[in-house]
Structures are given as C-alpha cells and as structure tokens.
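A closer look at the structure
Below, each chain spelled out in residue letters.
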Amino acid sequence: MRTVNEVSKLTGISVRTLHHYDAVGLLKPTAFTQAGYRLYDDTALERLQQILLFRELEFPLKDIKKIIESPDFDRGRALEQQIELLTLKKEHLENLIDLAREIKKNGANTMDFKAFDKSKIDKYAAEAKAAYGETAEYREFEEKSKGRTNEETAGLNMRLMSLFAEFGAIKGVSPESEEAQNKVKELQDFISDNFYTCSDEILYSLGIMYAGGGEFTENIDKAGGEGTAEFVCRAIAAYCGK
C-alpha cells in the first residue's frame, strides 16, 4: 500500500489531482489509515496508469471513467493507441528540434513551417476517441477507410481544410444566414460521405470541439483565419437548432 503522498511522488501527479479523481469517482483509494489518509494498492496504480494514458489522448475525465468501467474495455488496445500517439508526438518534437538547429545554423530566414503541423496527431487522437465514443460510427469509419491510400487520405484532409477556408471567407455574415447554413450542410455531407454518418447530434458535438481550443481550433483558424472555428461552431449550432 502507498499513501497519497507516495503515489504523488511516484507518478508526478499532484495530491490535489488525486483527491479530485477520488471526488469524481474516477480513482478511489483502496483503503484509509486510522488517521483517515488515503492508501492505494497495485490495482489502483494500474487503474491510474490507464487514466493517465487516456489523459494523453485528451479524453475528458467523465469519458475515461465510462470507458475503463465498461465490460468491453480492452486495455491492450488502449496501450497500442498510446504507443502510436507517443510515437507521433516524438516525431513532431524531433522535427521541431531539427528546425531549431537549422535556424541556429542558417539564421532566421529559414521559412519552413511544416515542423509545426500537428494534423497527424490530431487525426489519430480523434480516431482513437471515436473508437470509444461512437462505436457504430467508428466501425463505419474503418470500413470506408479500408484500402484508402495515404494520398487519398491526405486529399480528403486537404478538402476538409478547404471547407474550413470557405467558412473563413464568409465569417463576416450571420451564422444563421442561408450561405452559412448551406456550408454547414456541405460539411455534414462531406463527413457522412467520406468518414461516418454524421447525424445532427454528432455534428453539434464536432462544432463544440472545433471551437474548444487546442489543435483543432488552431488548424481551423489557420485554414480560414482567426475566428473561423468559433464561426463554424455557431453556424453548426444554428443548423442543429441549438
């Protein structure tokens, strides 16, 4: 058994965070000392590992709890996803290091921005989340992706970004305007045709994610200009009657 302070030192997770995990029912202590201090056994630490793996995939805590308590939870599959995601992050960091060294060697006139592109990481994380969050949709996604070449996948991603660029070109109009609503319908149809059936409910969730900050928001704003992700979110909300 380890105390909460020992677990904190072992994992690098703050005591406050461990207390929060207990409060939301995500990681309960195995037992308590007579003085009321939390104690954790190896089984609890294994669960904590699973939690932290999903946090690396940027899953919300409530979704992590639902997943790891599901009878269908496959820890081996989760580990495979984590290995792939960490590999992508490692490649991204190596590219940034190489770029920084090149700038140091050749000066600030090295105008190469490819090293900052995190779209592969975003795409993989989204697919991993879909595998747990929308099982039927993910099965459809896998079926439609079967046999698709890297070039075809890249082309679809470019087309998706071009759609966001088109949103950016009209973000001065009302999100409820016919022009904006037609563009939302085009986005929904594109997702349904190429990835998975995009219901209004799923579309609304995507809109929230688009404007929720992080890499999704940054990539959309990069494609359509600052404020595009927020405009897309508002247009989708209007489309879905929210």
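Residues numbered from 1 in each chain as written. Predicted model: local features only at pLDDT ≥ 70, side-chain atom pairs only at ≥ 80, totals over all residues. Heavy atoms only, no water.

**Here we look at the overall build of the protein chain**
Of the regular secondary structure elements, the protein chain holds twelve helices and three strands. Relative to its 242 residues, the protein chain shows a buried fraction of 36%. Contacts spanning at least 24 positions in sequence make up 60% of the contacts within the protein chain whose residues lie at least 6 apart. Taken as a whole, the protein chain presents about 14,400 Å² of accessible surface, with 51% of it coming from carbon and sulfur. (Helix = DSSP H or I, 4+ residues; strand = E, 2+ residues; numbered from the N terminus. Buried < 20%, exposed > 50% of the residue type's maximum accessible area, 1.4 Å probe, protein only. Contact = heavy atoms within 4.5 Å. Areas by Shrake-Rupley, 256 points an atom, 1.4 Å probe, with all protein chains shown as cover.)

**Some remarks on the sheet that holds strand 1 (residues 2–3)**
The three strands lie next to each other as 1-3-2, forming an open sheet whose pairing is antiparallel. With one partner strand each, in any of the chains shown, strand 1 and strand 2 (31–32) form the two edges of the open sheet. Here strand 1 pairs with strand 3 (residues 38–40) via two bridges, running antiparallel. Bridge pairing in strand 3 places threonine 3 opposite leucine 39. (Pairing = 2+ DSSP bridges.)

**Digging into the packing of helix 10 (residues 200–210) against helix 12 (residues 228–239)**
Where helix 10 contacts helix 12, the axes come no closer than 8 Å and their chain directions differ by 155 degrees. In terms of axis orientation, helix 10 runs roughly antiparallel to helix 12. In terms of crossing hand, the pair formed by helix 10 and helix 12 is left-handed. Residues Asp200, Leu203, Tyr204, Gly207, Ile208 and Tyr210 of helix 10 form the contact with helix 12, whose participating residues are Ala229, Val232, Cys233, Ile236, Ala237 and Tyr239. Residue composition of the contact of helix 10 with helix 12, by class: ten nonpolar, one polar and one charged. (Axes fitted to C-alpha atoms, helices over the stretch in contact; angles between N-to-C directions. Parallel < 35°, antiparallel > 145°, perpendicular 65-115°, else oblique. Left-handed = near helix turned anticlockwise from the far one by under 90°. Nonpolar A, V, L, I, M, F, W, Y, C, P; charged D, E, K, R; others polar.)

**Side note on the environment of arginine 55**
Along the polypeptide, arginine 55 turns up in helix 3 (residues 42–56). Residues contacting arginine 55, with those up to four places away along its chain left out, are Tyr21, Pro60, Leu61 and Ile64.

**Details of helix 8 (residues 150–169)**
The terminal C-alpha atoms of helix 8 lie 29 Å apart, and with 20 residues this matches the ideal 28 Å at 1.5 Å per residue to within 8%. For helix 8, the full list of buried residues reads Leu156, Leu160, Leu163, Phe164, Phe167 and Gly168. Angularly, the buried residues of helix 8 cover 155 degrees about the axis, an arc narrow enough to put them on a single face. In helix 8, the exposed positions angled more than 90 degrees off the buried face are occupied by Asn150, Glu151, Met158 and Ala169. (Expected span 1.5 Å × (residues − 1). Arc of directions from axis to C-beta.)

**A closer look at the nonpolar core**
Judged by nonpolar contacts, the single largest core of 25 residues is most densely connected at Phe164, Leu187, Ile191, Tyr210 and Ile236. Those elements that place two or more of their residues in this core are helix 8, helix 9 (178–194), helix 10 and helix 12. With residues near it in sequence (within four places) discarded, leucine 187 still touches Leu160, Leu163, Phe164, Phe167, Tyr210, Val232 and Ile236. With 23 residues, the next largest nonpolar core counts Phe54, Leu57, Ile121 and Tyr124 among its residues. (Core = buried A, V, L, I, M, F, W, Y, C linked by side-chain atoms within 4.5 Å.)

**A look at the state of the cysteines**
This model, assessed by the stated rule, comprises zero disulfides. Looking at cysteine 198, it has no disulfide partner, and the nearest cysteine sulfur is the one in cysteine 240, 8.1 Å off. For cysteine 233, which is in no disulfide, the shortest distance to another cysteine sulfur is to cysteine 240 and amounts to 9.9 Å. (Disulfide = S-S within 2.5 Å.)

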